[in-house]
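Secondary and tertiary structure notes
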Amino acid sequence: MKLSDTESLIKMASTSLNSKVVSQYSSLLAPLSVEAIMNIIDPETATNVNLKDIRVVAKVGGTVEDTKLVKGIVLTQRAQATGVHRVERAKVALIQFCISPPKTDMDNQVVISDYTQMDRILREERAYILDLCKKIKKSGANVLLIQKSILRDALNDMALHFLTKMKVLVVKDIERDEIDFVSRTLGCRPIATADHMLPEHLGQADLVEEIHIGGGNKVVSITGCQSAAKTCSILVQGSNKLLADEAERSIHDALCVIRCLVKNKHMIAGGGAPEVELSIKLAQYAATLSGVESHCIKAFADALEIIPFTLAENAGLPPINIVTELRNRHAEGEAMAGINVKKCCITNITEENVLQPLLVSISAISLASETVRSILKIDDIVNTR
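The following refers to the structure shown. (Residues numbered from 1 in each chain as written. Predicted model: local features only at pLDDT ≥ 70, side-chain atom pairs only at ≥ 80, totals over all residues. Heavy atoms only, no water.)

**A look at the pattern of salt bridges**
Where side chains of opposite charge bring their charged atoms close, a pairing between them can arise. This model, assessed by the stated rule, comprises 19 salt bridges. Taking the shortest distance from any N to any O, the salt bridge between Arg-184 and Asp-53 comes out at 2.6 Å. Note that Arg-184 is positioned in helix H5 (residues 179-186) and Asp-53 in the loop between helix H2 (26-40) and strand E1 (54-60), a separation of 131 residues in sequence. Assessed through its relative accessible area of 14%, Asp-53 is described here as buried. Where Glu-178 meets Arg-55, a salt bridge forms, and the shortest distance between an N and an O atom there is 2.4 Å. Of this pair, Glu-178 sits in the loop between strand E6 (169-174) and H5 while Arg-55 sits in strand E1, placing them 123 residues apart in sequence. Accessibility expressed as a relative area gives 8% for Glu-178, which makes it buried. One salt-bridge network, in which partners are shared between bridges, spans Asp-53, Asp-180 and Arg-184. (Salt bridge = Lys/Arg side-chain N within 4 Å of Asp/Glu carboxyl O. Helix = DSSP H or I, 4+ residues; strand = E, 2+ residues; numbered from the N terminus. Buried < 20%, exposed > 50% of the residue type's maximum accessible area, 1.4 Å probe, protein only.)

Below, the structure is given as structure tokens:
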């Protein structure tokens, strides 16, 4: 198959979603997953997909139907109260230093006995923070992303006051594991000190805004990023945390299915059909041999039947009857006959659009065979305490 065949890709993604809690939303999530993959690869030349280029963000608020793809970044942190909630033609600075008074490396106490000393401390603190804010403004940054700090406050009230006057949109508590994705998407460099606040270290975006997503929750959306990196974000919404997390896991599974197709551009029927067909062919081949080889190949063929057997068992169907009927249908030449879980019978599984990547079956059989070979190489087991 070709990666330009979007309809087939959606069918494959839908197959993985149909067994999930959010299966009723597969018509929305499957095309969204395919579009996300197509945004970060070149369909003509791609041989793999780096899923780190797709950031899936789950947020409580709204329904699963409100899930959407954002060609940029979605931050779950809210914008600080600087009065700025929308910036066009943004210049974004990603900083890793705190805009708050510094602390010493050890615990100490400062005893003040005179109000003039207190006044001096406040003046020094104000001058220090004002100097940091002026360096940020001088660089041309109008959006500030501050990495989360565990040592002291990343941003204090005085710094927020100055940044409000400078009309800078501020988002703090950016997690450490988000830094790489944000810097690649924006084309900016994480800035460790205020002295490195230079225009060439800033990222650029067409629009940065704080948006409402329902349930009183807000997120910050950064779109129109002008970097060469191909990345995107998926904002997953749900009425409660359980549903949002389940939708996030389901989308990840769908993305993995499409990645398998990018690696190996072939698909086969699902529902246990390929395993039973392979089992019958191997059994026929084993009958033409003699000795140990015949027994080994026959045992391998029998082992393949565990997949349709388990599938029938998980679906609440009588596994022995289902597998027996499935073998008979394949023996009669119905190579696409598989277990239809919804109708609880054996049908032509391709007509139900139950498809799976060839790479999945190849990997499962290869890894199982390698595991057995490793076990057979063990001569003895020594118990140790």
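There is more to say, and it comes next.
**Considerations on helix H4 (residues 157-165)**
All of the buried residues along H4 are Ala-159, Leu-160, Phe-162 and Leu-163. Taken end-on, H4 shows its buried residues confined to a sector of 165 degrees, consistent with a single buried face. Exposed residues pointing more than 90 degrees away from the buried face of H4 are listed as Asp-157 and Lys-165. As for H4, its buried residues are in contact with helix H3 (115-138), strand E5 (143-147) and E6. Phi turns positive one or two residues past the end of H4, at Lys-167, with a value near 55 degrees. (Arc of directions from axis to C-beta. Contact = heavy atoms within 4.5 Å.)

**Looking at unusual backbone geometry**
A positive phi angle is found at Cys-344, which is not glycine, with a value near 60 degrees. Residues other than glycine seldom take positive phi values, yet Asn-353 does so here, at roughly 60 degrees. As for its position among the elements, Asn-353 is in the loop between strand E12 (345-348) and strand E13 (355-357). Given the relative accessible area of 33%, Asn-353 is considered partly exposed.

**Re the packing of helix H9 (residues 306-314) against helix H10 (residues 319-331)**
Viewed as axis vectors pointing N to C, H9 and H10 meet at an angle of 135 degrees, and their least axial separation amounts to 9 Å. When the axes of H9 and H10 are compared, the pair comes out oblique. Relative to H10, H9 is oriented so that their crossing is right-handed. Together, Pro-308, Phe-309, Ala-312 and Glu-313 of H9 and Pro-319, Ile-320, Ile-322, Val-323 and Leu-326 of H10 make up the contact between the two elements. Counted by class, the contact of H9 with H10 contains eight nonpolar, no polar and one charged residues. (Axes fitted to C-alpha atoms, helices over the stretch in contact; angles between N-to-C directions. Parallel < 35°, antiparallel > 145°, perpendicular 65-115°, else oblique. Left-handed = near helix turned anticlockwise from the far one by under 90°. Nonpolar A, V, L, I, M, F, W, Y, C, P; charged D, E, K, R; others polar.)

**Topic: the nonpolar core**
One finds Ile-37, Ile-41, Ile-54 and Ile-234 to be the most contacted residues of the largest nonpolar core, which totals 34 residues. Contributing elements (two or more residues each) for this core: helix H1 (6-17), H2, strand E9 (232-238) and helix H6 (241-263). Ranked by residues supplied to this core, first place goes to H6 with nine residues. When sequence neighbours within four positions are dropped, the list of residues in contact with Ile-41 reads Leu-3, Ala-46, Asn-48, Val-49, Lys-230 and Val-262. Counting residues in each nonpolar core, the second largest holds 24 residues, with Phe-97, Cys-133, Ile-146 and Met-166 among its members. (Core = buried A, V, L, I, M, F, W, Y, C linked by side-chain atoms within 4.5 Å.)

**Some points on the environment of Arg-120**
Mapped onto the fold, Arg-120 is located in helix H3. As a C-alpha pair, Arg-120 and Val-49 span 71 residues in sequence and 57 Å in three-dimensional space.

**Details of the sheet that holds strand E2 (residues 68-70)**
Taken together, the three strands give an open sheet; going across it, the order is E1-E9-E2, and neighbouring strands pair in mixed fashion. This sheet does not close on itself; its edge strands, each paired only once, are E1 and E2. Along the sheet, successive strands turn relative to each other by an average axial angle of 25 degrees, direction set aside. Running over the sheet, H2 touches E1, E2 and E9 and is turned about 10 degrees from E2. Here H6 sits on the sheet and contacts E1 and E9; the angle it forms with E1, its principal contact strand, is near 165 degrees. (Pairing = 2+ DSSP bridges.)

**Considerations on a nonpolar patch on the surface**
Among the surface-exposed residues, Val-110, Ile-112, Met-118, Ile-121 and Leu-122 lie close enough to one another that they form a single nonpolar patch of about 420 Å² accessible area. Here Ile-112 is to be found in the loop between strand E4 (86-95) and H3. Residue classification places Ile-112 among the partly exposed positions, given a relative accessible area of 33%. (Patch = residues over 30% accessible without salt bridge, like charges linked within 9 Å, V, L, I, M, F, W, Y side chains within 5 Å. Areas by Shrake-Rupley, 256 points an atom, 1.4 Å probe, with all protein chains shown as cover.)

**Here's the deal with the pairing of E12**
When a strand is regular, its side chains alternate between the sheet's two faces. Pairing of strand E11 (residues 337-340) with E12, which is carried by four bridges, proceeds in the antiparallel orientation. Looking at E12, one finds that Ala-337 is bridged to Asn-348. Linking E11 to E12, which pair antiparallel, is a turn of four residues; within it Cys-344 sits at a positive phi near 60 degrees.

**Notes on the side chain of Ser-294**
Topologically, Ser-294 is positioned in helix H8 (residues 292-303). In terms of polar contacts, Ser-294 uses its side chain to reach the backbone carbonyl oxygen of Ala-286, at 2.9 Å. Ser-294 has contacts with Ala-286 and Leu-289, leaving out every residue within four places of it along the chain. (Polar contact = N/O pair within 3.5 Å; in protein donor to acceptor, adjacent residues only side chain to side chain.)

**Some points on H6**
Taking 1.5 Å as the rise per residue, H6 with 23 residues should run 33 Å; its terminal C-alpha atoms sit 33 Å apart, in good agreement. Looking at where H6 begins, the residue whose side-chain oxygen comes 3.2 Å from the main-chain nitrogen of Leu-242 is Asn-240. (Expected span 1.5 Å × (residues − 1).)

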